[in-house]
Amino acid sequence: MIIQMKKFATEQEVLAVVKKVKDIGLGAQVDVGEEMTVVVVFGVNTGGIETGVFQVFPGVEQVVRIEKPYKLASRDFKVSDTIIDIGPVRIGGRELVIMAGPCSVESEKQIMECAQIAKACGAKVLRGGAFKPRTSPFSFQGLGIEGLKMLQKAKKETGLLIVTEVVSSETVRLVSEYADILQIGARNMQNYPLLDAVGKTQKPVLLKRGFCATLEELLMAADYILQYNPKPNVILCLRGIRTPVDANRFTFDICHLPKLRELTHLPIIADPSHPAKYSRYVPDLAYGAIAMGVDGLIVEIHPNPQNAQSDGLQSLKFGDFATMMEAIGRLAEVRGRIV
Ligand code: PEP
Ligand code: MN
């Protein structure tokens, strides 16, 4: 249910409505928009509550039921695009934000080299997994805390922000001490205790779409995180989904971008590396995503992909990354974006 306030409703009137929502045991979040302020009501069985309960309050324009199963991520709640400010970086605005780095942090030398090339080419965020969610238990699982410390050092040297994955509720606190953006991987998109734990940190979150998740499921996963945050803090990521076609590792779901934009106010970025399978396909997937209008990209690079501990096949060599970044700069202009 959403309560739309009148254009000139006072703060006291909004607070009175929020108090009523809480008094009847439900959650409330407020979006102060330019046109109007909206209060979203969430909780169990909001459908059983009469809209008149809120309609009678002074300052209320109208009370509407949100028919969609997701609430906080919905455009029905917040009409304007969300921009997430993370230090000097704004995600969801005019800037096209590039995140780049290796799949896994493997050594100090490796992450430092990646950070330097990423920075030199115009990326604003360094990626790198310290805790890796590997499909096989026998694959490299990441360097853990040592990897986090290496990321911290690379941040100190270059000033790049850090995005790194968190794979378990137990390590959320640890990882959030080092990360500027917490990554939830595709395999964990529906790990609800983990989404809760990450939401409670109130840090920015990069939420990757599950291999088989519908857009509704993706947005409900975002709601898990958003419920703890008065300001929206989730960046969605299209990273490819499972289809019968095996020409690539995953089928790039960038064709869902226009629909997803209609459904949600959250920023949306794309990962052209994980669907690609081979690094030679990555630049074209990246260009396509930019042409479609994403707010940013997350890309895997490696100083020596043949020796990578994970995802070497799809990781760009530095020279190819630099060439791609030049083209991205030109393409961004077409969409009115700056890198
Ligand atoms: C990754 O970013 O390296 C990763 C594991 O991504 P995904 O969760 O999209 O597979
Ligand atoms: Mn990877």
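Residues numbered from 1 in each chain as written. Chains lettered and ligands numbered in written order. Predicted model: local features only at pLDDT ≥ 70, side-chain atom pairs only at ≥ 80, totals over all residues. Heavy atoms only, no water.

**As for the domain arrangement of the chain**
By convention, interface size is frequently given as the accessible area that disappears when the constituent parts associate. Here the domain parsing of the chain yields domain 1 (2-64) and domain 2 (84-334). For domain 1 versus domain 2, the distance between C-alpha centres works out to 36 Å. (Domains from an automatic or database assignment.)

**A short note on the coordination of the manganese ion (ligand 2)**
Geometrically, a metal with four donors at the corners of a regular tetrahedron has ideal angles of 109.5 degrees, and one with six donors at the corners of a regular octahedron has ideal angles of 90 or 180 degrees. Around the manganese ion (ligand 2), the protein contributes the donor atoms Cys103 (SG), His274 (NE2), Glu300 (OE) and Asp311 (OD), at 2.0 to 2.4 Å from the metal centre. Within one chain, the residues donating to the manganese ion (ligand 2) are spaced in sequence as C-x170-H-x25-E-x10-D. Within this pair, whereas Cys103 is found in the loop between β7 (97-101) and α3 (108-120), its partner Asp311 is found in the loop between β14 (296-300) and α11 (318-334), the two being separated by 208 residues in sequence. Residue Cys103 is classed as buried on the basis of its relative accessible area, which comes to 3%. Residue class for Asp311 comes out buried when judged on its relative accessible area of 18%. (Donors = N, O, S within 2.8 Å, 3.2 Å for Na, K, Ca; no water. Helix = DSSP H or I, 4+ residues; strand = E, 2+ residues; numbered from the N terminus. Buried < 20%, exposed > 50% of the residue type's maximum accessible area, 1.4 Å probe, protein only.)

**Notes on the site of ligand 1**
Ligand 1 sits among Cys103, Arg127, Lys132, Glu165, Gln183, Gly185, Ala186, Arg187, Lys208, Arg239, His274 and Glu300. Residue Lys132 places a side-chain N or O atom 2.9 Å away from an oxygen atom belonging to ligand 1. Between Glu300 and ligand 1, the recorded distance is 3.2 Å, taken from a side-chain N or O atom to an oxygen atom. About the coverage of ligand 1: the protein hides 97% of its 290 Å² of free accessible area. (Near = heavy atom within 4 Å. Polar contact = N/O pair within 3.5 Å; in protein donor to acceptor, adjacent residues only side chain to side chain. Areas by Shrake-Rupley, 256 points an atom, 1.4 Å probe, with all protein chains shown as cover.)

**A closer look at the nonpolar core**
In terms of nonpolar packing, the biggest core is built from 79 residues, with Leu207, Leu236, Val294, Leu297, Ile301 and Phe321 touching the most fellow members. Counting residues per element, this core draws most heavily on helix α7 (residues 215-226), which supplies seven residues. Taken together, domain 1 (2-64) and domain 2 (84-334) each give at least three residues to this core, which thus spans both. Leave out the neighbours within four places in its chain, and Leu207 touches Ile184, Met189, Leu195, Leu218, Ala221, Ala222, Ile225, Val234, Ile235, Leu236 and Cys237. (Core = buried A, V, L, I, M, F, W, Y, C linked by side-chain atoms within 4.5 Å. Contact = heavy atoms within 4.5 Å.)

**Side note on the packing of aromatic side chains**
A full pass over the atoms with the stated rule returns three aromatic pairs. When the centroid spacing of 4.5 Å and the interplanar angle of 20° are considered together, the rings of Tyr192 and Tyr224 count as stacked. Of this pair, Tyr192 sits in helix α6 (residues 192-201) while Tyr224 is found in helix α7, placing the two residues 32 residues apart along the sequence. On the basis of relative accessible area, Tyr192 is assigned to the partly exposed category, the value being 30%. Tyr224 sits in the partly exposed class, given a relative accessible area of 29%. Geometrically, the ring pair formed by Phe211 and Phe250 is tilted, given 4.8 Å between the ring centres and 45° between the ring planes. (Phe/Tyr/Trp six-rings, centres within 6.5 Å; stacked < 30°, edge-to-face > 60°.)

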